[in-house]
Amino acid sequence: MEGHELETLRYPIGHFVIPEKITGMILADWIAELEALPVDLADLVRNCTKSQLDMPYRPGGWTVRQVVHHLADSHHHSYTRFKWALTEDSPVIKAYDEKAWAELPDVRSASIELSLDHLQVVHSKLVNLLRAMSADDFKREFIHPVGDRRITLEVNTGHYAWHGKHHYAHIERLAEREGWIPEL
């Protein structure tokens, strides 16, 4: 497999790009994407067979099952980061080793229903929080210890909207390549 083809499989919707100016309309769109993800993802994967769930979306990549569990774990972390940033002054957040988490038994073999349910609840809480936040709240930030990066909550909102679409696209493109999705 060539480098370009592998990069397309890794980043099917491209990398997250921070807009020059994040407007209220952009934030509203990102929040709507976050709200839609749990239902869209559940619709995409609920009827997958065990062999489909255990198929990697690309050579050397995570399986569909791992991607679903990763989304729940990652977005749970993000929700916690929002709450820290809203209640503390520029807190340094705790990073986690997502690759190691993806190899744990609950991610490698547990039912995806657990993470689909978890993602629905976390996103319901997150969307409720985001819709109640002020413009000043979205300017609050946390510090990511990897690279000592300051990340505003408006950027984090966009990043996680992208993150959900990014992993959804991994599964959707695999399903299209394998013929799991019937022609419309």
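Scroll up a little and you will see the structure.
Because the structure is predicted, anything quoted here is derived from the model rather than measured.

Engineer: Hey, could you run me through the overall build of the protein in this one?
Structural biologist: Looking only at helices and strands, one finds nine helices and two strands in the protein. Walking the protein from its N terminus toward its C terminus, one meets helices and strands in the order α-α-α-α-α-α-α-α-β-β-α. Computed over its C-alpha atoms, the radius of gyration of the protein comes to 17 Å, within 12% of the 16 Å expected for a compact globule of 184 residues. Based on the C-alpha atoms only, the size of the protein along its principal axes is roughly 45 × 35 × 35 Å. Taking the contacts inside the protein whose residues are at least 6 apart along the sequence as the reference set, 76% of them involve residues at least 24 apart. When the accessible surface of the protein is summed, it comes to about 10,100 Å², and 53% of that surface belongs to carbon and sulfur atoms.

Engineer: Even after reading the chapter, I still don't get helix α2 (residues 24-45), so can you show me in this structure?
Structural biologist: One turn of the α-helix equals 3.6 residues, which is why residues spaced by three or four share an orientation. When the terminal C-alpha atoms of α2 are compared, their 32 Å separation across 22 residues agrees well with the 32 Å that a helix rising 1.5 Å per residue should span. The largest bend in α2 comes to about 40°, at Leu37, with the proline Pro38 one to four residues further on. Looking only at α2, the buried set comprises Leu27, Trp30, Ile31, Leu34, Leu37, Pro38, Leu41, Ala42, Leu44 and Val45. Contacts made by the buried residues of α2 are with α4 (64-87), α7 (112-132), α8 (135-139) and α9 (153-178).

Engineer: What's the story with the side chain of Asn156 in this structure? I'm lost.
Structural biologist: Within the fold, Asn156 resides in helix α9. We classify Asn156 as buried; its relative accessible area is 4%. At a separation of 3.2 Å, a polar atom in the side chain of Asn156 contacts the side chain of Ser78. Setting aside anything within four residues of it in sequence, one finds Asn156 in contact with Ser78, Phe82, Phe142 and Ile151.

Engineer: Help me understand the packing of α2 against α7 in this model?
Structural biologist: The geometry of α2 relative to α7 is characterised by a closest axis approach of 8 Å and an angle of 165° between their N-to-C directions. For the element pair α2 / α7, the angle class is roughly antiparallel. Crossing handedness for the pair α2 and α7: left-handed. Two secondary-structure elements touch here, α2 through Ile31, Leu34, Glu35, Leu37, Pro38, Val39, Leu41, Ala42 and Val45 and α7 through Ile112, Leu116, Leu119, Gln120, His123, Leu126, Val127, Leu130 and Arg131. For the contact of α2 with α7, a count of residues per class yields 14 nonpolar, two polar and two charged.

Engineer: Is there a simple way to think about the pattern of salt bridges in this case?
Structural biologist: When the charged atoms of two side chains lie near each other, side chains of opposite charge can form a pair. Taken as a whole and judged by the stated rule, the model has nine salt bridges. In this structure, Arg150 and Glu141 form a salt bridge, with 2.4 Å as the shortest nitrogen-oxygen distance. For Arg150, a relative accessible area of 52% corresponds to the exposed category.

Engineer: Help me understand unusual backbone geometry in this model?
Structural biologist: Backbone geometry follows two general trends: most residues other than glycine have a negative phi, and most peptide bonds adopt the trans configuration. A positive phi angle, close to 45°, is found at Ser90, a residue other than glycine. According to the relative accessible area criterion, Ser90 is partly exposed, its value standing at 27%.

Reading the values: the criteria
- Residues numbered from 1 in each chain as written.
- Predicted model: local features only at pLDDT ≥ 70, side-chain atom pairs only at ≥ 80, totals over all residues.
- Heavy atoms only, no water.
- Helix = DSSP H or I, 4+ residues; strand = E, 2+ residues; numbered from the N terminus.
- Rg over C-alpha atoms; globule rule 2.2 N^0.38 Å.
- Contact = heavy atoms within 4.5 Å.
- Areas by Shrake-Rupley, 256 points an atom, 1.4 Å probe, with all protein chains shown as cover.
- Expected span 1.5 Å × (residues − 1).
- Bend = angle between axes of the 7 residues up to and from the residue.
- Buried < 20%, exposed > 50% of the residue type's maximum accessible area, 1.4 Å probe, protein only.
- Polar contact = N/O pair within 3.5 Å; in protein donor to acceptor, adjacent residues only side chain to side chain.
- Axes fitted to C-alpha atoms, helices over the stretch in contact; angles between N-to-C directions.
- Parallel < 35°, antiparallel > 145°, perpendicular 65-115°, else oblique.
- Left-handed = near helix turned anticlockwise from the far one by under 90°.
- Nonpolar A, V, L, I, M, F, W, Y, C, P; charged D, E, K, R; others polar.
- Salt bridge = Lys/Arg side-chain N within 4 Å of Asp/Glu carboxyl O.

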